[in-house]
Amino acid sequence: MKNAKSIALGMCMLTIVSGFSFTSCSTKQGTGTLIGTGAGAALGSVIGAIAGHGKGAAIGAAIGSAVGAGAGTLIGRHMDKVAEEAKKVENAKVETVTDANGLKAVKVTFDNGILFKVGKYDLQSGAIKDLTQFSSVLKNNPTCSVDIQGYASSDGSDDVNLKLSQNRANAVRNFLVNNCAVPSSQIKNYAGYGETNLITNADGTENRAASRRVEVYLYASQAMVDAANNGTLK
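Model, not experiment: these values are computed from the prediction.

A. Looking closely at the nonpolar core. Ile75, Val108, Phe134, Ile148 and Leu218 are the most contacted members of the largest nonpolar core, which totals 42 residues. Residues within four places of isoleucine 75 in sequence aside, it is in contact with Val67, Leu103, Lys104, Ala220, Met224, Val225, Ala228 and Leu233. If you look at the next biggest cluster of nonpolar residues, it comprises 5 residues, including Val97, Ala105, Tyr217 and Tyr219.

So, in structure tokens, the structure goes:
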């Protein structure tokens, strides 16, 4: 039933991608609303939530100018440097992923940091420590845009988990902006996706503790793309 529920929510998200205006859909369990906030359109993170199921997420909304092959290479090298800097953060797991424009991006998760208790969205001490250290990576790389994606385990109803995952994304975004002085404009999207991307154990059962999480993505902003196209990106 949980799998069916996730598939139904995924179909709702696909409708948003194709229609750009729908914000909710009905499932057999009731009506779930896709919740998204921030300056960026929800499209990029919707793509990420679907494409990232069990894989690396593709994030970011479409950019306004074409990216040449040479510029794409420069962006890739720059994001490699960002990834190396992020690896210095304690408890950070850094992966290379692809954004919605086919450009290299960076996914950052934490071994024991941004994890939440059942039904909770308050940051635990480990998360506060890790996010404080991680904030320097964001401030050192202002041309990296940021997406924050909140998730929930399969405990509870669709509606509760969707709102809970949004509150988790909000908690991370608010801490980075209000406590660590990360520019709010750098965080393009912070949204909750409920239980659309559960974490599973090797035997296929859900790892519920790991599912209660937030994932952070860094990807090329329009400013970075422009610099790459101009050949000035270092």
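B. Structural detail: the pairing of strand E8 (residues 214-220). By the criterion of burial, E8 is predominantly enclosed, with 7 of the 7 residues buried. Here strand E5 (residues 104-110) pairs with E8 via 3 bridges, running antiparallel. Bridge assignment links valine 106 to a residue of E8, and that residue is leucine 218. In the sheet, strand E6 (residues 144-150) pairs with E8 via 7 bridges, with the strands oriented antiparallel. Among the inter-strand pairings, glutamine 149 is bridged to a residue of E8, identified as glutamate 215.

C. Representation of the pairing of strand E7 (residues 187-192) within the structure. Of all 6 residues in E7, 5 are buried; the element is thus mostly enclosed. Across 5 bridges, the pairing between E6 and E7 is parallel. Across the sheet, the residue bridging to valine 146 is isoleucine 187, located in E7. For the crossover from E6 across helix H5 (residues 158-179) to E7, the handedness is right-handed.

D. Spotlight on the side chain of threonine 109. Of note, threonine 109 is situated in strand E5. For threonine 109, a relative accessible area of 16% translates into the label buried. Look past the residues within four positions of threonine 109 in its chain and what remains in contact with it is Asn91, Ala92, Lys93 and Glu215.

E. Here's a closer look at helix H3 (residues 69-86). Look at H3: 26 Å from first C-alpha to last across 18 residues, which is about the 26 Å you get at 1.5 Å a residue. Every buried residue belonging to H3 is among Ala71, Ile75, Gly76, His78, Met79, Val82, Ala83 and Ala86, and all of these are buried.

Quick notes on the rules
Residues numbered from 1 in each chain as written. Predicted model: local features only at pLDDT ≥ 70, side-chain atom pairs only at ≥ 80, totals over all residues. Heavy atoms only, no water. Core = buried A, V, L, I, M, F, W, Y, C linked by side-chain atoms within 4.5 Å. Buried < 20%, exposed > 50% of the residue type's maximum accessible area, 1.4 Å probe, protein only. Contact = heavy atoms within 4.5 Å. Helix = DSSP H or I, 4+ residues; strand = E, 2+ residues; numbered from the N terminus. Pairing = 2+ DSSP bridges. Right-handed = clockwise from strand over helix to strand, strands pointing away. Expected span 1.5 Å × (residues − 1).

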